[in-house]
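# Summary of the model geometry
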Amino acid sequence: MNRISSFHNYQSVQNDLRRQEHKVHHNQAQLASGKKLMKASDDPLATHYIQNIGQQSEQLRQYTDAITLVRNRLEHHEVIISNAESFTDEAKRSVMEMINGALSPEDREAKARELQELANNFLNLSNVQDESGNYIFAGTKPKNQPFFRDNAGVVTYSGDDYQRKMRISNSLEMPVNDPGSKLFMEIDNPYGDYEPQYQLQPASELLLERAINLNPDDTSVYSLTFVDMPDGKYGYQLEKDGSVVKADEFDPLKGIEHEGLRIQVKGQITKGDVISLEPRQTYSVFESLQSAIELSEGSVSDASVTAKLHQITQELHSAFIHLTKARTDVGARLNTLDIQEEQHADFKMTLAKSKSNFEDLDYAAAVIEFSENTRALQASQQAFGKTKDLTLFNYI
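Residues numbered from 1 in each chain as written. Predicted model: local features only at pLDDT ≥ 70, side-chain atom pairs only at ≥ 80, totals over all residues. Heavy atoms only, no water.

## Comments concerning the pattern of salt bridges
Using the criterion set out here, one finds 19 salt bridges in the structure. Between Glu-85 and Arg-327 there is a salt bridge, with the nearest N and O atoms lying 2.3 Å from each other. Note that Glu-85 is positioned in helix 2 (residues 44–98) and Arg-327 in helix 6 (residues 303–359), a separation of 242 residues in sequence. With a relative accessible area of 4%, Glu-85 lands in the buried category. (Salt bridge = Lys/Arg side-chain N within 4 Å of Asp/Glu carboxyl O. Helix = DSSP H or I, 4+ residues; strand = E, 2+ residues; numbered from the N terminus. Buried < 20%, exposed > 50% of the residue type's maximum accessible area, 1.4 Å probe, protein only.)

In structure tokens, the structure reads:
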């Protein structure tokens with residue numbers, strides 16, 4: 001019985017000694033590394049949280065990289081749109097100069113060459129590629145060249161109407177491009193719902209100001225003819241698809257109204273002036289440039305040509321505003337990127353603080369614990385020294 005009891009005491013003290021040695025070694029490892037958690041078993045729940053924090057940090061890194069990529073592409077995108085604005089404004093100025101009645105046919109021919117060069121530059125700009133070889137304005141078909149021009153000068157679009165997007169947060173996807181169809185080919189008609197075609201008398205200054213139709217299902221072609229009235233005023237005859245639907249005295253303040261159609265004109269009217277109205281909701285910059293080039297061949301004394309040049313000027317001005325709005329939208333996206341990047345930086349700091357609370361060592365508490373465990377180890381060692389010599393023979 002004495003042997004069993006002595007062995008039990010010996011083993012118990014030895015186990016306690018080992019436990020204390022392990023605690024001291026663990027404290028030393030913590031103090032050396034500065035980490036509170038040395039292995040998952042130290043605190044399984046804290047380890048689980050740290051793993052989640054690590055996953056969130058990696059996701060934040062991916063989002064931050066995506067923001068950098070999107071920013072680079074949007075900044076390039078903004079520069080291209082700005083160049084398109086410059087080309088459009090320059091083309092508008094050239095067309096305005098063509099309206100000058102003092103220009104000779106040779107002068108107009110020179111302006112036509114300028115416009116042709118601008119049209120070529122504009123087409124090249126619309127087919128620009130990014131650093132990866134993707135066409136910027138092709139929508140979600142970046143490997144397809146978006147714009148093609150045939151021998152007649154007609155430009156067609158082969159992309160689609162969608163935007164490529166990249167996720168920059170859990171809840172936000174940022175467009176990295178704009179389809180060329182929306183930027184260059186679907187510009188709101190500055191004249192409303194119709195495009196004017198002019199058959200004006202010499203020296204006439206009549207121009208369409210606006211024509212809208214409240215009936216969206218009306219696709220008819222209208223024709224407006226002005227005639228003299230006995231009292232020195234002007235009358236008009238309105239035709240719809242070739243049939244006369246209204247004839248009345250013209251009131252400049254009221255304009256012309258028929259059912260849902262509203263027409264306003266401006267300028268000096270001449271007897272026999274005719275304006276045809278063909279339905280058109282949108283137009284493209286390429287159409288305006290090509291029309292201006294073709295109109296340059298007309299006579300400077302042709303009132304109808306001059307009226308069409310006024311129309312092209314208005315269209316190019318509207319295209320300029322349209323592109324400015326698009327560039328503003330790109331700027332708003334860049335601002336959103338900055339805000340989102342700041343939010344990611346703040347969240348990253350919060351995650352780092354949370355991870356530190358779980359993982360990093362409190363040196364003051366660790367030193368105290370190390371001192372306590374060291375004293376406990378010394379006590380265990382003394383107890384072990386006495387226990388190993390404790391036998392019944394020492395008392396016989």
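## Looking at helix 5 (residues 285–295)
Counted residue by residue, helix 5 has eight buried out of eleven residues, so it is predominantly covered. Of all the residues in helix 5, the buried ones are Val-285, Phe-286, Ser-288, Leu-289, Gln-290, Ala-292, Ile-293 and Leu-295.

## What about the pairing of strand 12 (residues 261–266)?
Where burial is concerned, the two faces of strand 12 differ: the one with Leu-261, Ile-263 and Val-265 is buried and the one with Arg-262, Gln-264 and Lys-266 is not. Note that strand 11 (residues 256–258) and strand 12 share three bridges and pair antiparallel. In the sheet register, Glu-257 faces strand 12, and the bridge partner there is Arg-262. The turn linking strand 11 back onto strand 12 is made up of two residues, and Glu-259 within it adopts a positive phi angle of 55°. (Pairing = 2+ DSSP bridges.)

## Regarding the side chain of His-258
Take His-258: it is sitting in strand 11. Beyond its immediate stretch of four places on either side in the chain, His-258 contacts Tyr-222, Leu-238, Val-245 and Lys-246. (Contact = heavy atoms within 4.5 Å.)

## What to know about helix 3 (residues 105–126)
Taking 1.5 Å of rise per residue, the 22 residues of helix 3 would be expected to cover 32 Å, and the 31 Å separating its terminal C-alpha atoms lies within 8% of that figure. Restricting attention to buried positions, one finds in helix 3 the residues Arg-108, Lys-111, Ala-112, Leu-115, Leu-118, Ala-119, Phe-122, Leu-123, Leu-125 and Ser-126. On an axial view of helix 3, the arc spanned by its buried residues comes to 150°, and they lie on one face. Pointing more than 90 degrees away from the buried face of helix 3 are the exposed residues Glu-106, Arg-113 and Asn-124. (Expected span 1.5 Å × (residues − 1). Arc of directions from axis to C-beta.)

## As for the sheet that holds strand 13 (residues 274–279)
As summarised here, the arrangement of the five strands in space is 6-13-8-9-10, forming an open sheet in which the pairing is antiparallel. Single-partner strands in this sheet number two, and they are strand 6 (194–199) and strand 10 (243–249). Between one strand axis and the next, the sheet turns through 20° on average, direction left out of account. As paired elements, strand 8 (residues 222–228) and strand 13 share four bridges and run antiparallel to each other. Along strand 13, the bridge assignment pairs Tyr-222 with Leu-277. (Axes fitted to C-alpha atoms, helices over the stretch in contact; angles between N-to-C directions.)

## Side note on unusual backbone geometry
The bulk of non-glycine residues show a negative phi, and the bulk of peptide bonds are trans. Residue Asp-241 is not a glycine yet carries a positive backbone phi of 50°. If you trace the backbone, Asp-241 turns up in the loop between strand 9 (234–240) and strand 10. At Glu-259, a residue that is not glycine, the phi angle is positive and equals roughly 55°.

## Regarding the packing of aromatic side chains
Going through the model one piece at a time under the given rule, you end up with nine aromatic pairs. Between the aromatic rings of Phe-147 and Phe-286, the centroid separation amounts to 5.2 Å while the plane-to-plane angle is 45°, which identifies the pairing as tilted. Of the two residues, Phe-147 sits in strand 1 (residues 147–149) while Phe-286 sits in helix 5, which places them 139 residues apart along the sequence. We classify Phe-147 as buried; its relative accessible area is 1%. Arranged with centres 6.3 Å apart and planes meeting at 75°, the rings of Phe-184 and Phe-286 form a pair that is edge-to-face. In this pair, Phe-184 is assigned in helix 4 (residues 180–185) and Phe-286 in helix 5, connecting sequence segments 102 residues apart. Here Phe-184 falls in the buried class, since its relative accessible area comes to 2%. Taken together through their ring pairs, the aromatic side chains of Phe-122, Phe-137, Phe-147, Tyr-157, Phe-184 and Phe-286 make up a single cluster. (Phe/Tyr/Trp six-rings, centres within 6.5 Å; stacked < 30°, edge-to-face > 60°.)

## Concerning the nonpolar core
If you look at the biggest cluster of nonpolar residues, it comprises 48 residues, and the most contacted ones within it are Leu-115, Phe-122, Phe-137, Phe-147, Phe-184, Phe-286 and Leu-337. Elements that contribute at least two residues to this core include exactly helix 2, helix 3, strand 2 (155–157), helix 4, helix 5 and helix 6. Once residues lying within four places of it in the same chain are set aside, the contact partners of Leu-115 are Ala-91, Ser-94, Val-95, Met-98, Ala-292 and Ile-293. Leu-261, Ile-263, Ile-269 and Leu-277 belong to the second largest nonpolar core, which has 23 residues in total. (Core = buried A, V, L, I, M, F, W, Y, C linked by side-chain atoms within 4.5 Å.)

## Section: the environment of Ile-53
By secondary structure assignment, the location of Ile-53 is in helix 2. For the pair Ile-53 and Ser-354, spaced 301 residues apart in sequence, the C-alpha separation works out to 8.1 Å.

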